[in-house]
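Coordinate inspection notes
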Amino acid sequence: QVQLVESGGGLVQAGGSLRLSCAASGRTASNYGMGWFRQAPGKEREFVAAILWNSSNAPYADSVKDRFTISRDNAKNTIYLQMNSLKPEDTAVYYCAAGRWLAKNENEYPYWGQGTQVTVSS
């Protein structure tokens, strides 16, 4: 069982930055890969980035490459999503998930956080 709690969402102007956090807990948390997904109103949930607890290999969606950075703090059992140069199209609910290592399909992530809202104004 894995429990995930996101935080750090909010309202930011275009071009600004925001850092999301996801605290993971549970005995088997370290056995899963971690990912960030997002879902805009009326749209499907899409992959953003993924990371492992013991590797620096981190795939990103093309739409966020060179702007977003996923990272981890193993001591705090927490992953982060640093979002720079934010655009209005980045507006969405952002979800932290635990599942298959470096998977990009949401169906391969059985555990999800509650989501945190990110709104980017023009």
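See the structure above.
Right, let's walk through the structure included here. Bear in mind that the values here come from a model prediction, so they are computed numbers and not experimental data.

Summing up its helical and strand segments, the protein chain has zero helices and ten strands in all. Shown N-terminal to C-terminal, the secondary structure of the protein chain runs as helices and strands in the order β-β-β-β-β-β-β-β-β-β. Taken over C-alpha atoms, the radius of gyration comes to 13 Å for the protein chain, in line with the 14 Å a tight globule of 122 residues would show. Expressed along its principal axes, the backbone C-alpha trace of the protein chain runs to roughly 40 × 30 × 25 Å. For the protein chain, buried positions account for 46% of its 122 residues.

A separate point is the packing of aromatic side chains. The tally for this structure, following the rule as stated, stands at six aromatic pairs. Pairing F37 with Y109 gives two aromatic rings, centres 5.0 Å apart and planes at 75°, and the pair type is edge-to-face. Pair noted here: F37 is in strand β4 (residues 33–39) and Y109 is in the loop between β8 (92–99) and β9 (111–112), with a separation of 72 residues, a long-range link. There is no split in this pair, since F37 and Y109 are both buried. With centroids separated by 6.3 Å and ring planes inclined at 80°, the aromatic side chains of Y95 and W112 adopt a geometry described as edge-to-face. Placement of the pair is Y95 in strand β8 and W112 in strand β9, with a sequence separation of 17 residues.

Further remarks concern the sheet that holds strand β3 (residues 18–25). The four strands are arranged β1-β3-β7-β6 in an open sheet whose pairing can be described as antiparallel. With partners counted over all chains shown, the strands left at the sheet margins are β1 (3–7) and β6 (68–73), one partner each. Across the sheet, the mean angle from the axis of one strand to that of its neighbour is 20°, orientation sign disregarded.

Here is what the cut-offs are and how they apply
The residue count restarts for each chain, going from 1 along the sequence in the order it is written. In keeping with the model being predicted, local features are shown solely for residues with a pLDDT of at least 70 and side-chain atom pairs are shown and tallied solely at 80 or more, while totals for entire chains, interfaces and linings include all residues. Computation of side-chain values: all heavy atoms of the structure, hydrogens and water removed. Helix and strand definitions here come from DSSP, where helices need a minimum of 4 consecutive H or I residues and strands a minimum of 2 consecutive E residues; each element is numbered from the N-terminal end. Throughout, radius of gyration means the C-alpha value; the globule benchmark is 2.2 Å times the number of residues raised to the power 0.38. Three exposure classes are used, based on accessible area relative to the maximum for each residue type with a 1.4 Å probe and protein chains only: buried under 20%, partly exposed in between, and exposed over 50%. Side-chain rings of Phe, Tyr and Trp (the six-membered ring for Trp) are treated as a pair once their centres are within 6.5 Å; stacked means planes under 30 degrees apart, edge-to-face means over 60, and tilted covers the remaining angles. Any two strands with at least two DSSP-identified bridges between them are counted as paired. Working convention: axes come from line fits to C-alpha atoms, limited for helices to the stretch in contact. Angles between N-to-C directions cover 0 to 180 degrees.

In short, the description is geometric, and any link to function would need to be established separately.
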